[in-house]
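Survey of secondary and tertiary structure
If you want the building blocks of each chain, they are given just below.
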Amino acid sequence: MEGGQAMTKKFRLITGLLAAVLAVVMLSSAIYLAVEANHDCSGEDCAICHQIGVCENLLKSLGLAGAAAAISAAFTYTVCRAILPCAEMNGTLTLVALKVKLSN
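All of these numbers come straight from a predicted model, not from anything done at the bench.

**Examining the overall build of the protein chain**
- Regarding its fold elements, the protein chain presents three helices and zero strands.
- Starting at the N terminus and ending at the C terminus, the protein chain contains elements arranged as α-α-α.
- The buried share of the protein chain, taken over its 104 residues, is 6%.
- When the accessible surface of the protein chain is totalled, it reaches about 8,800 Å², and 69% of it is carbon and sulfur.

Structural data, given as structure tokens:
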């Protein structure tokens with residue numbers, strides 16, 4: 001049991017760190033876009049314009065991936081709630097929950 005709890009805590013820590021890194025990347029990209037939106041463009045090979053394009057593509061990709069993850073989580077939750085309502089109910093039907101007195 002201890003090993004399983006350690007893995008769960010480690011998994012939560014890694015998931016939290018990944019979420020924090022993702023949030024920092026998205027925020028820094030959005031800030032860069034806002035700051036450099038009105039830059040002095042040097043022409044066709046402008047490095048800032050190239051970086052703005054990279055940031056826009058990154059935000060679009062992360063937004064699409066986040067939306068897909070949210071939709072898939074919502075779908076999975078809905079399907080599990082629809083298919084397995086009896087399994088949830090079976091867990092609550094115990095003698096203690098039903099307040100059954102076992103006496104002779």
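**Comments concerning a nonpolar patch on the surface**
- Taken together, the side chains of Leu95, Leu98, Val100 and Leu102 present a nonpolar region at the surface, about 410 Å² in accessible area.
- Tracing the backbone shows Leu95 in the segment after helix H3 (85–92).

**Notes on the state of the cysteines**
- One pass over the full model with this rule turns up zero disulfides.
- There is no disulfide at Cys41, and the cysteine sulfur nearest it, in Cys49, is 3.5 Å away.
- The exposure class assigned to Cys49 is partly exposed, which follows from its relative accessible area of 34%.

**Quick look at the side chain of Ser29**
- Its location among the elements puts Ser29 in helix H1 (residues 2–35).
- A residue is classified by how much of its surface remains accessible, and Ser29, at 6% relative accessible area, is buried.
- Beyond its immediate stretch of four places on either side in the chain, Ser29 contacts Cys55, Leu58 and Leu59.

**Remarks on the confidence of the model for the protein chain**
- Residues with a pLDDT of 70 or more make up 84% of the protein chain, whose mean pLDDT is 80.
- Within the protein chain, helix H2 (residues 47–83) carries the highest mean pLDDT (85), whereas H3 carries the lowest (57).

**So, the side chain of His39**
- Tracing the chain through its elements places His39 in the loop between H1 and H2.
- Looking at His39, the relative accessible area reads 19%, which means it is buried.
- There is a polar contact of 2.9 Å between the side chain of His39 and the backbone oxygen of Glu36.
- In contact with His39, other than residues within four places in its own chain, are Cys46, Ile48, Cys49 and Ile52.

The rules behind the values
- Residues numbered from 1 in each chain as written.
- Predicted model: local features only at pLDDT ≥ 70, side-chain atom pairs only at ≥ 80, totals over all residues.
- Heavy atoms only, no water.
- Helix = DSSP H or I, 4+ residues; strand = E, 2+ residues; numbered from the N terminus.
- Buried < 20%, exposed > 50% of the residue type's maximum accessible area, 1.4 Å probe, protein only.
- Areas by Shrake-Rupley, 256 points an atom, 1.4 Å probe, with all protein chains shown as cover.
- Patch = residues over 30% accessible without salt bridge, like charges linked within 9 Å, V, L, I, M, F, W, Y side chains within 5 Å.
- Salt bridge = Lys/Arg side-chain N within 4 Å of Asp/Glu carboxyl O.
- Disulfide = S-S within 2.5 Å.
- Contact = heavy atoms within 4.5 Å.
- pLDDT = per-residue confidence, 0-100.
- Polar contact = N/O pair within 3.5 Å; in protein donor to acceptor, adjacent residues only side chain to side chain.

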